[in-house]
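The lines below spell out each chain.
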Amino acid sequence: MAGESNGAGVFGSSIRRREDPELITGRAKYTDDLQLPNTAYCTILRSDYAHAKINGIDASEAEALDGVIAVYTASDIADSGVPGGIPVGWLLPDMVIPEHFMLAKDTTRYVGDGVAIVVAEDQYTAHDALELIYVDYDPRDGVADPKKATEDGAPLVHDEAPNNIAFDWEIGDKEMTDAAFANAAHVASLDIVNNRLIPNAMEPRAALADYNSITGELTLYMTTQNPHIHRLLISLASLGLPEHKIRVIAPEVGGGFGSKIHHYADEAIAAWASMQTGRPVKWTATRTETYLTDAHGRDHVTHAEMAMDADGKFTGLRVDTYAAMGAYLSTFAPAVPTYLYGTLMSGEYDLPAIYCHVYGVFTHTVPVDAYRGAGRPEATFVVERLVDEAARVSGIDPAEIRRRNFVAPDNFPFQTQVALAYDSGNYEGALDKALETIGYDDFRNEQAAAREQGKYLGIGLSTYIEACGLAPSAVVGSLGAQAGQWESAVVRVHATGKVTVYSGCSGHGQGHETTYAQIVASALGVPYEDIDVIEGDSGVMPHGWGTYGSRSAATGGSAIASAAEKVVDKARTIAAHLLEAAEEDLEFEDGNFFVKGSPDQAQSLPDVALQAYLAHNLPKGIEPALEATSFYDPENFVFPFGTHIAVVEVCANTGHVELQRYLAVDDVGNVINPMIVDGQVHGGIAQGVGQSLYETAVYDEGANLLSGTMLDYAVPKAHFLPSFETDRTVTPCPHNPLGVKGVGEAGTIASPAAVVNAVVDALSPFGVAHIDMPVTSEKVWNAINN
Amino acid sequence: MYPSKFDYHRPSSVQEAVQILSGNPDAKVLAGGHSLIPVMKLRLAAPAALVDIGRIGALQGISRSNGSLRIGACVTYHEIANSADVQAAAPALAEAAGQIGDRQVRYRGTIGGNLSHADPASDLPAAALALGATLHVTGPGGSRSVSASDFFVDLMMTALQPDEILTGVEVPVAQAGTGSAYAKWEHPASGYALCGAAAVVTRGAGGSCTGASLCFNGVSSTAVAATEVAAGLVGSDLSDAAIDSAVGNLSIPDATGDMFASAGYRQELAKVMGARALRTARDRA
């Protein structure tokens, strides 16, 4: 990597990911790869019924099987004296919070709900024993559809939640919005189902728990995006162990997309089983268990309307949503369809009146929680589909109607009607760039000519904004979060000038080891190769809140930049002392301190570090060593935005949708590593295209999961997708030290609307107004033929 | 993904394999393993023993003689797709094999395993049916031959007895004037055929159609022959219009559906895919 290592220029360059050689050669160690002596293996018996009373459990045959150490049920956990709870970490006013115990006590509430635990000498025996446990179920009716679940007479998931309503939430001004509709020249209206998704991280969840009864310490290796949150929740709610006696370690983690944020029962069960048996206990989900237990995403039923004046200027937006919570309230589930959804309803538009009402609804399904984008893809889909429908009913071109309604570049900061205050933006800039690259005007001609020949081309825009890097902590707390949203960093310069960086974020594919080193290389002016980054161990780094919500660059990166700045400040003081100069006379360039005009007499950062460690000649009042810790709490969210454009051809004979081009023009602020940003955008688009064309978790009327394996759940394959085109505009974040925003979710947030808008555009000769996702060939064929 | 316990046998001859099968009614034959092992890991199947026939030399190889092509049961999809003999003699079979799963699957999966498993959504059954393949089978009582049309009985059920092994597949070599093709509509989740069409057509000296066969995977509980379409083509000039007209009569009485494609939609797809396969076959004839 010669030529890539010079400190200052490293920020902004496409350095190859240093993580990859280990990952792609199989040297990296994931949780299930770890081996501890004398490990026992744990499996969990799961309910086959969406809803059933448990009359009794007979585990005697399983217990008698050679190699089985123990079989446990909920009563064993309760009798052991641990709290046994799986808590919700985001509270809304008047929310119904049902008990969620580590295993089902007397009722199962979704297919996959844990019923019993087997601990055995090996994996095979642990799985054999599951087949020898006999549960006497009394099956009851279940309900999976979030709207139907609220109807009178629907089966109740929890008796304490009438009509299955967990919470009834609203944002905006209903009266003002109703008035806007009363005076509207045009109204666009859509009924939208935002399809339920299954996360499909490549690595299934896993835990290896090692409880030491002598010291009382629990070491828990697990697939987590946020080791400190898991430590906190396991300590407080599940096992009651003192927080300082728990060490949660995230080895390599193979993707998460949100599914490894949440605190599930399974990892706590492995830890509890280790406490019971006095042995290390490993649990690894099968792919089937992944489908049956990892929190699903989306699952909204929405009615949305846009009011316009005669010129197509938006005057009001009204949204009514039923959002599935699943059987229990997962860790951050209540935030997803509320503060991560309703607050984004202004989109990129100067909307004078908005009202959004949301029912959070219990259903007999796997709990629903944050999945890549978390609320913002749902909001963006509502807004951007509705904008296209508004264009359709008003007869205004979709690009033009957006232009007429954008928040103007000189109108920032912009206070929306739904709480968020956008700090910066240049929406027309991104739109113009995208339209030019795609050749929008030419396309319309080409489209018209193609239609003459029975070829149906379509183009779809998604001019999106998103809010990520939730902050500041006080605001997030006032909205119900039982967590802070600041981030920690330690920058430790060793005596030789080499550097170790610790972050409270916890990467699982994002490339933090590379990008964080780039930040520090630029800040300290030391070679990139001399910097290592360590994350994912609650026993090593200060408390942090982990990696999700596109927060790791904006919040975690800013913490690192702040810590690096503190290091430079201290080094400057020492360098000034060594150079016998005043601090204010020193320049700091490429890692060297020198008096202005005398670069030959420099003290390099490694020189200073050595002196800081020797401590033979330090200025008065300066402590030895050279490191700094920062706890960075941002002033505001960050607001990435951009324009995505999809071009499709629809085959009228079969309904097949061919995605021909996909262009993303994103504004994620300053870019640390363009290649990694492109990679994030590519992956996000692929997942968003997956939602729009292929993926859907299907439950039948009785709440049985029909799409329970990859034979039925269509994760997009590489050959389904075109080579994406990416470009950027740069509007730096005005309030963080790096000027960076988030990029991890932009693709999943923007792309579903772009793709569906393109399909609906292609079908405009057939008068099609909307098709629900996933837009399968059959749905398109039906839209054409019916 | 941990299967139940099973015994493992690795015979070195077909005879030995048949003997083991005869003595183990709950045994299953293991070839490439790409259908059997997943269902064992899901514990949907729990055979008491596996009889691994992968090392039996007699089940390997592709040979051509007397106007037919003989393909050993353990020949992989990859070998079939890339065999110049198969490409020339039975292009529909090479095309079908080349579209199964992904590269890894094609390097392991075998024609014998595929046809014996008789998954209606797999790609080879329709090709074997359309090409008029003959399946050679050996059991304790000796060997016998079964035509493809008699082999596929129902969903994952074949004419094979539990103690019989499919040893090879014989396909007639396409004569001058005969062309074949396979067109596949991939299931977005599984990659199996949501609708796969295998077509064979023969043109007489004057150019008109003297014989035709059109068979489908993925639309029914077994591979099915659309005999009414074939009958409608014979005597026609095989023009696009003639093909469209013949395919318009297609009807699959027991069409199956799932959440991606209902039975009714699959029928419509079958018309499109059938016409595609027929046109390509015609162009090769």
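Residues numbered from 1 in each chain as written. Chains lettered and ligands numbered in written order. Predicted model: local features only at pLDDT ≥ 70, side-chain atom pairs only at ≥ 80, totals over all residues. Heavy atoms only, no water.

K.L.:
Would you explain the domain arrangement of chain B in this entry?
P.N.:
It is common to give the size of an interface as the accessible area lost on bringing the parts into contact. All names here are of chain B. Here chain B is partitioned into domain 1 (7-52), domain 2 (57-172) and domain 3 (178-284). Between the C-alpha centres of domain 1 and domain 2 there is a distance of 18 Å. Every contact between the two is made by 10 residues of domain 1 and, on the other side, 16 residues of domain 2. Each partner contributes to the roughly 1,000 Å² buried at the junction of domain 1 and domain 2, and carbon and sulfur atoms together form 77% of this total. Contact with domain 2 buries area across many residues of domain 1, yet Val14, Val18 and His34 alone supply 44% of it, more than any other trio. Considering every element that reaches the side of domain 1 that touches domain 2, the biggest residue donor is helix H1 (residues 14-23), with five residues. Residue classes in the side of domain 1 that touches domain 2 are distributed as six nonpolar, four polar and no charged. (Domains from an automatic or database assignment. Contact = heavy atoms within 4.5 Å. Buried area = accessible area lost by both parts, 1.4 Å probe. Helix = DSSP H or I, 4+ residues; strand = E, 2+ residues; numbered from the N terminus. Nonpolar A, V, L, I, M, F, W, Y, C, P; charged D, E, K, R; others polar.)

K.L.:
Help me understand empty space enclosed by the protein in this model?
P.N.:
Taking a probe equal in size to a water molecule and rolling it over the atoms shows the remaining empty space. Residues and elements named next belong to chain A. Under the counting rule described, the total for this entry stands at three cavities of 30 Å³ or more. Each pocket or cavity is described by its volume, and for the largest cavity that value is around 50 Å³. Taken together, Arg298, His300, Ala323, Ala324, Met325, Ala333, Val336, Pro337, Val368, Asp369 and Glu378 make up the lining of the largest cavity. Residue lining of the second largest cavity: Leu344, Gly347, Glu348, Thr380, Val383, Glu384, Thr463, Tyr464 and Ile465, and that is the complete set. Every element with two or more residues in the lining of the second largest cavity is listed here: helix H9 (376-394) and strand E18 (456-465). (1 Å grid on protein atoms, 1.4 Å probe; cavity = no way out; pocket = protein on both sides within 12 Å on 5 of 7 lines; lining within 4 Å. Points joined across faces, edges and corners; volume = space filled by probe spheres on them.)

K.L.:
Could you clarify how one ought to interpret helix H6 (residues 227-239) of chain A in this entry?
P.N.:
Residues and elements named next belong to chain A. A rise of 1.5 Å per residue sets the reference length of H6, with its 13 residues, at 18 Å; its end C-alpha atoms lie only 16 Å apart and thus fall more than 12% short of the reference. If you look at H6, its biggest bend is around 30°, right at leucine 233. Buried residues dominate H6, accounting for 12 of its 13 residues. Looking only at H6, the buried set comprises Pro227, His228, Ile229, His230, Arg231, Leu232, Leu233, Ile234, Ser235, Ala237, Ser238 and Leu239. On its buried side, H6 packs onto strand E10 (217-222), strand E11 (246-249) and helix H7 (265-277). Once H6 finishes, glycine 240 follows within two positions and takes phi at roughly 70°, a positive value. (Expected span 1.5 Å × (residues − 1). Bend = angle between axes of the 7 residues up to and from the residue. Buried < 20%, exposed > 50% of the residue type's maximum accessible area, 1.4 Å probe, protein only.)

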